[in-house]
Every structure is written in C-alpha cells, then in structure tokens.
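A structural walkthrough
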Amino acid sequence: MNMMQELQKESRMGAMGSETHQREVRVIDLADFDARRAEIADQLWDAAVDVGFFQLKNHGIAPGVITQAFETTQRFFALPEAVKARHPLKKQFNAGWESRAQVRPSTGTPDQKESYQITRPHMAGLWPDDELPGFQATMLDFERQAWAVGMRVLSCFATKLGFADDFFSIAHDPSKPAYQSTLRLLHYFAIAPDQRDRLGLWRAGAHTDFDCLTLLFQRAGQGGLQLLPGKDMDSQAWTPITPADDLITCNIGDMLMRWSDDQLPSNFHRVKNPGPDEYQGARYSLAFFAQANRDVLIESPSGKYAPITAEDYLQQRVAANFAKY
Ligand SMILES: O=C(O)CCC(=O)C(=O)O
Ligand SMILES: [Fe+2]
C-alpha cells in the first residue's frame, strides 16, 4: 500500500454512519510501571491489536499539571484573532496557529476549530510571549511530560515487536533538531443558536493520525470523539468515547502501523458536532503526537511498505490537509 492509498481510504469516510456501543475501549493501569512492565505490555498490545484505541490511568501526570495546561490553552484561544494571527501555522514545520483551515480528505469541509501546534525546534516567532507570559514554559513542560508517557507506551510496543526497548525513544529524541513530535492545542467553537441544525459540518472530520502514537487529553462533559477501527470501516458504525479528566485516550497512528507491518492498526476517529440536545459550548482538547524524527527511516520489517523518512511521510500527509497555509 502506498501513501495515496492511505489518503484514498480516508476520503471514503465522510458519511455520518451510525453509533455502536459494542466495542470495548480498555482502560490500562500504568501504576507501578517498572514492576508491572511485562503485564502492562501484554495489556497494551491486546488493546491495540483489538480496537486500536485505549485509555491510560495512573499515567503519572499530576491532575494539576493537566488542569493548568487546559487553563493556559483557554487563555491562548481567548486572545484576539489578530494577535493569534501573528503566530500563523508554518505548514512545513507543523508549528503555529490556524483557524478553520484544516480540510480533511474525508469531508472536504473545514474542521470547525482552531488549533495551535508546538513542535519544539521550530517555535521561533510563534510564542505569544508578550501577550501571555508563562505560556511557553507551561506548555513545554506539559509537552515533555506527555512525551515521557508516550515513550513508556511505545517502549512496550517495541518489546512486543522485537525491537530494543529504547527504539522509539531514540526515534523521537527531543534533543535533536530533527525532532518533529507535536503538541496540539485544540479549540472547537461553541455552536451559535442559528447553527444548531447545520448538518454536514464536523468539529474534526474522520481521519487516521499520521504519527506513531497519539495521547489525547480531554475534559469531562466535552464529548464528541468517536472511533471506528479500520478493519470495521465498511460498517460505518462509530463508537463514542466518554471523556474523563483523569484518563489519557490513546490511538495508534499510521507511522506505527507501517512499522509494525499492520499488526498495530491505526484507527479512524472524528469529533462530531453536538446534537440538538447536547452541550453546545466550546470544547478544548490537547493532543500529543509522537512523530518519529525527520531523519528516521520508517521501515516495515517484511518490506510490505517501501521505506520512507518520517519527514517525507509527515509532509505528504500535512500537505493533503492544509491548502491555506
Ligand atoms: O480533539 C479530539 O478529541 C481529537 C483531535 C484529533 O483527532 C486530532 O487532532 O487528530
Ligand atoms: Fe486525530
């Protein structure tokens, strides 16, 4: 399968479909990680292979740190448009702010959201230091903590795949200029009363993630995320995820799917607009995307996929989503 087939797959996923509660999104307990590593690795692997989405509890990031990251995110998005526009998305680096600019190949309509991407080596000129002192330090600390949790999970997958335990932390080494993992702050707009029945718009259209692993932080009461495992894509039956403050929702991305010869499947997911009886307010989320460093070659062990650098892989996927920037 080549790149275009991944995009073609995505372009077929724009329909509303139906809802099912039949799939189990497992919660994996990371408490006492070092002592329980083998058991945790088995649980992560089973959850990833079955449904491809799972949630983490006792992941080690303090609740206060997560709350502060969300509050800081909300303060950023509350800045005037003109201020945020001084820090525009640099598409080639996946860094900076965009609004209503991401058009998913699945829907062809812009996601009803704004987002701000933090990709460590490429933030010159993109920090709102004058407007929000402390923003940079708070978000970089959060990014580092999310990275650490992500690397723990990936180290378990490395073991199961027969790679060295530190294979993925070397591939995602944050001290290298080629680092391209991204922390994404997301704000889905509150729905204005006259927009309530507007069909055909999505907060985030159906997609798979481009990365190895995504760590998604959500807030209780701000639902809308739905998932559909790739193997069930023809069913068009989506499973809602109930957000909780203390859980990190994880999904496998396309890079890891290639690296595992499809053993670890990436999954479709999307964020639907609230229905008429649901909470119509704004929704905030934080997503950490573990994306292998630019110079790392993604090789599928059996040769099923042609080798490609993580830089080329990401660029092709980003380009298919952002025409405007
Ligand atoms: O905000 C969410 O819940 C999901 C975001 C997402 O899937 C993405 O940005 O890739
Ligand atoms: Fe996603």
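As a reminder, the structure under discussion sits directly above these lines.
Report on the accompanying structure. What you see is a predicted model, and the numbers here were worked out from it, not measured in a lab. (Residues numbered from 1 in each chain as written. Chains lettered and ligands numbered in written order. Predicted model: local features only at pLDDT ≥ 70, side-chain atom pairs only at ≥ 80, totals over all residues.)

Remarks on the pairing of strand 10 (residues 237-240)
Moving residue by residue along a regular strand, the side chains alternate between the two faces of the sheet. Where strand 1 (residues 18-19) and strand 10 come together, two bridges link them in parallel fashion. The residue bridging Glu19 from the neighbouring strand is Trp238, located in strand 10. Relative to strand 10, strand 9 (residues 225-229) runs antiparallel, the two being bridged by two bridges. Paired with Leu227 across the two strands is Thr239, which belongs to strand 10. (Pairing = 2+ DSSP bridges. Helix = DSSP H or I, 4+ residues; strand = E, 2+ residues; numbered from the N terminus.)

Observations concerning the pairing of strand 2 (residues 26-29)
Sheet analysis places strand 2 next to strand 3 (residues 53-57), joined by four bridges and oriented parallel. In the strand pairing of strand 3, Val27 is matched with Gln55. Chirality of the crossover, the property in question, places the unit of strand 2, helix 2 (residues 33-50) and strand 3 among those that are right-handed. (Right-handed = clockwise from strand over helix to strand, strands pointing away.)

Digging into unusual backbone geometry
We note that Arg100 has phi near 50 degrees; this positive angle belongs to a residue other than glycine. Of note, the phi angle at Asp262 is positive, near 75 degrees, even though the residue is not glycine. Mapped onto the fold, Asp262 is located in the loop between helix 7 (254-259) and strand 12 (267-272). For Asp262, a count of 15 C-beta atoms within 10 Å puts it in the partly exposed group. (Buried ≥ 20, exposed ≤ 12 C-beta atoms within 10 Å, placed from the backbone.)

Considering the packing of helix 3 (residues 63-77) against helix 5 (residues 135-161)
Helix-helix packing is described using two parameters, namely the angle between the two axes and the distance between the axes. Here helix 3 crosses helix 5 at 135 degrees, and the two axes come no closer than 10 Å. Judged by the inter-axis angle, helix 3 sits oblique to helix 5. When the axes of helix 3 and helix 5 are compared, the crossing they make is left-handed. Together, Val65, Gln68, Ala69, Thr72 and Phe76 of helix 3 and Phe135, Thr138, Met139, Phe142 and Gln145 of helix 5 make up the contact between the two elements. (Axes fitted to C-alpha atoms, helices over the stretch in contact; angles between N-to-C directions. Parallel < 35°, antiparallel > 145°, perpendicular 65-115°, else oblique. Left-handed = near helix turned anticlockwise from the far one by under 90°. Contact = placed C-beta atoms within 7 Å.)

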